[in-house]
Amino acid sequence: MKDMMPNFNLLQPTDVASAVSMLADAGENGWAMAGGQDSLDWFKDRIKRPTTVVDLSGIASLSGIRETADGVEIGAMTTLTDVENNAIIKEKYGLLSTAAGRVASPQIRNKGTLGGNISQDARCWYYRSGLDCYRAGGNTCYADTPEGMNREHCLFAASRCVAVTPSDTAVALVTLDASMVIQNASGEQVVAAADYFVGPDIDIENMTVLKPGDILTAIRIPAAWANATFYFEKVADRNTWDFPLVNIASAIKLNGSTIEDIRITCGAVECVPKRLNVVEDIVRGSERNEDTATLAAGAAARGAAPLNYNHFKIPLMENLVKRAIRG
Amino acid sequence: MQKKFSSDRYDPLSTERDALSRRNFIKGVIAAGTVAGAAGLVTGCSDGSDSSGGSAASSVERLITINVNGNSRPVDVLPNETLAQTLRNKLGLTGTKIGCDRGSCGACTVMIDGVTQNSCSILTHTVRGASVVTVEGVGGANGELHPVQQAMIEELAPQCGYCTPGQVVSGVSLLQRNPNPTRDEVRNALAGNLCRCGAYNNYINAIVKAAESA
């Protein structure tokens, strides 16, 4: 049992500027820790061995949910429980509230943060067990082999690596057109959710644009999709704790029963949350009914390239799209 | 002093059962009244002030005080030490169990400022200034059982009992924020506590019963 983590310097800044400078000093050996629910597992397994861990939990300005002129800003260190139960999020952005409530277990949601949930690393167990796969800087993929156990892996956009996005809140945030605020030594930048997540064709070793020294400080959600008709569903092997086999998040603007506008995003089928543009184009302007849903579902998984053990994800994805569209 | 510190270091291979040395150590720390100075010797921190990251170069101070079950407990904590390790190995609070040590099973559940968290997945240094309640702290001061514990006995909830401390803490936390939960709310509140004996229904029955009796 590898129960004691290797030693590291623990730094506990109380403001973002100090945290940024500490991470800049530490460089490649630094690790920004949010809730620690994933970080500590990496350390315990001795696969990630930073020498300096910067604990962001003491920075008060990174927590909390504020209404802004054109939407809402959520501090990256806000716990998933607080996101789930916040009155503004519940009332206007219920999609995110529902998604946050489906993450992991109550204990993890009480400690785990929204920023950490969307920035967590791939769950591929070959990668997690410390093998020298592409994502770990090696030159092979253990999952995409005839014997590889790839039931949980991707249907789309494989590029050497076949890992999928494990986050439930990420699909909700892409659907809501959120943007991420990142700070580092050279200042602040704002990145659209669609650009925040990166696939293996762009950067095979990272799931997000975050680089060593970067801190995700806030998530901004515009009012554009507030109070839309939302649908979120997550299918997992276990109803609690587990990561999604496939999840779906949609926001629909209805005019009577006509779908005026829609955004729909599917998780755990690609390395990034997969925005289903084809489905959106098909149903926009149509009645919200069983026929429209069936038509959309038929197109949802077009182009899927299943691996040996994950063919089941295709009908699963189609059915989730169907349920999201017909409501 | 140096020697006392090294003897208190957590050694995963040690089978030492002698709690006396730890107790003496802790007493020594309290009595000495030179905590800050001693910490300077051990950690190399020269300022001896609060360790909340004023200096970018130095790690946290190891000698800290955490509030556990209403008591201030001075303790020597490594930067890479989890709360479950501190509670069990340094503070003698072995009611908190370590099951998976990965935040999956909930056997190590404790309350931090009233909300349940997995103590195996928290660094002890992050709960300085917070109030920690373990299964030892949910009952009365004179050992009276909490209604949840009493109901678990009556409903024969524990089978092997390993997950029980976590189930108790999750149940107590639920009743603190929601004294009249529905059965579904109880199920959700216990969703992070695995039970390999499969006694889930008995645990849920017990918490529903405790809510009714309170």
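These numbers were taken from a predicted model, which means no experiment stands behind them.

Trainee: Tell me about the pairing of strand β10 (residues 246-255) of chain A, and name the residues and values.
Mentor: All names here are of chain A. Most of β10 sits out of view: seven of its 10 residues are buried. Judged from the seven bridges that link them, strand β9 (residues 229-235) and β10 form a sheet pairing that is antiparallel. Looking at the pairing, V235 lines up with V246 of β10. Note: β10 against strand β11 (residues 258-267), nine bridges, orientation antiparallel. When the sheet's bridge partners are listed, A251 is paired in β11 with R263. Hairpin connection between β10 and β11: a loop of two residues separates the two successive antiparallel strands, and G256 in this loop has a positive phi of roughly 65 degrees.

Trainee: Break down the sheet that holds β10(A) for me, citing the residues and quoting the values.
Mentor: As a general point, the strands of a sheet are linked pairwise by backbone hydrogen bonds and lie either parallel or antiparallel. All names here are of chain A. Strand order in the open sheet formed by four strands is β9-β10-β11-β12, with antiparallel pairing between adjacent strands. With partners counted over all chains shown, the strands left at the sheet margins are β9 and β12 (274-275), one partner each. Most of the contacts of helix α9 (residues 168-175) go to β11, to which it runs at about 150 degrees, and overall it touches β9, β10, β11 and β12.

Trainee: Can you tell me about the domain arrangement of chain A, naming the residues and giving the values?
Mentor: Taken as a whole, chain A is organised into domain 1 (9-55) and domain 2 (225-326). In this structure, domain 1 of chain A and domain 2 of chain A have C-alpha centres spaced 36 Å apart.

Trainee: Please give an account of unusual backbone geometry that cites residues and values.
Mentor: Phi angles above zero are rare outside glycine, and D177(A) is one such case at about 65 degrees. In this fold, D177(A) is placed in the loop between α9 and β6 (179-184). Look at D101(B): it is not a glycine, yet its phi comes out positive at around 60 degrees. Secondary-structure assignment places D101(B) in the loop between α4 (83-90) and β3 (109-112).

Trainee: Talk me through the confidence of the model for chain B; I want residue IDs and the actual numbers.
Mentor: Residue and element names in this part refer to chain B. Summing up the model confidence of chain B, the mean pLDDT is 83 and the portion of residues at 70 or higher is 73%. With pLDDT under 50 throughout, residues 29-56 is counted as low confidence; its partners more than four residues away or in other chains account for 41 contacts. Across the whole predicted complex the pTM is 0.89, and at the interface the ipTM reaches 0.95.

Trainee: Give me the sheet that holds strand β8 (residues 215-222) of chain A: which residues, what numbers.
Mentor: Residue and element names in this part refer to chain A. With antiparallel pairing, five strands are arranged side by side in an open sheet as β4-β5-β8-β6-β7. The open sheet has two edge strands, β4 (65-68) and β7 (187-192), and neither has a second partner. The average angle at which neighbouring strand axes cross in this sheet is 25 degrees, direction not considered. In the sheet, β4 pairs with strand β5 (residues 71-75) via four bridges, with the strands oriented antiparallel. Counterpart to T68 in the pairing with β5 is G71.

Trainee: I'd like a rundown of the domain arrangement of chain B, residues and numbers included.
Mentor: All names here are of chain B. Under the domain assignment, chain B is made up of domain 1 (2-137) and domain 2 (147-213). Each side of the interface is counted separately: domain 1 has 15 residues, and domain 2 has 12 residues. Taken together, the elements giving at least two residues each to the side of domain 1 that touches domain 2 come down to β3 and β4 (115-118). Here the side of domain 1 that touches domain 2 takes three residues from β3, the largest share from any one element. Considering only residue class, the side of domain 1 that touches domain 2 consists of seven nonpolar, seven polar and one charged.

Trainee: How would you summarise the interface of chain A and chain B if you had to cite specific residues and measurements?
Mentor: Counting residues at the interface gives 32 residues for chain A and 27 residues for chain B. Residue assignment for the side of chain A that touches chain B shows that the elements contributing at least two residues are β1 (9-11), α1 (16-26), α2 (39-44) and α6 (106-111) of chain A. Looking at the side of chain A that touches chain B, the element that brings in the most residues is α6(A), giving five residues. Across the side of chain A that touches chain B, the residue classes break down as 12 nonpolar, 14 polar and six charged.

Trainee: Before we move on, can you summarise the packing of helix α5 (residues 94-101) of chain A against α9(A) with the specific residues and values?
Mentor: All names here are of chain A. At a closest axis distance of 8 Å, the pairing of α5 and α9 adopts a crossing angle of 170 degrees. With respect to their mutual orientation, α5 and α9 come out roughly antiparallel. Mapping the contact onto sequence places L95, L96, A99 and A100 in α5 and D168, T169, V171, A172, L173 and T175 in α9. For the contact of α5 with α9, the class distribution of residues is seven nonpolar, two polar and one charged.

Conventions adopted
Residues numbered from 1 in each chain as written. Chains lettered and ligands numbered in written order. Predicted model: local features only at pLDDT ≥ 70, side-chain atom pairs only at ≥ 80, totals over all residues. Buried ≥ 20, exposed ≤ 12 C-beta atoms within 10 Å, placed from the backbone. Helix = DSSP H or I, 4+ residues; strand = E, 2+ residues; numbered from the N terminus. Pairing = 2+ DSSP bridges. Contact = placed C-beta atoms within 7 Å. Axes fitted to C-alpha atoms, helices over the stretch in contact; angles between N-to-C directions. Domains from an automatic or database assignment. pLDDT = per-residue confidence, 0-100. Nonpolar A, V, L, I, M, F, W, Y, C, P; charged D, E, K, R; others polar. Parallel < 35°, antiparallel > 145°, perpendicular 65-115°, else oblique.

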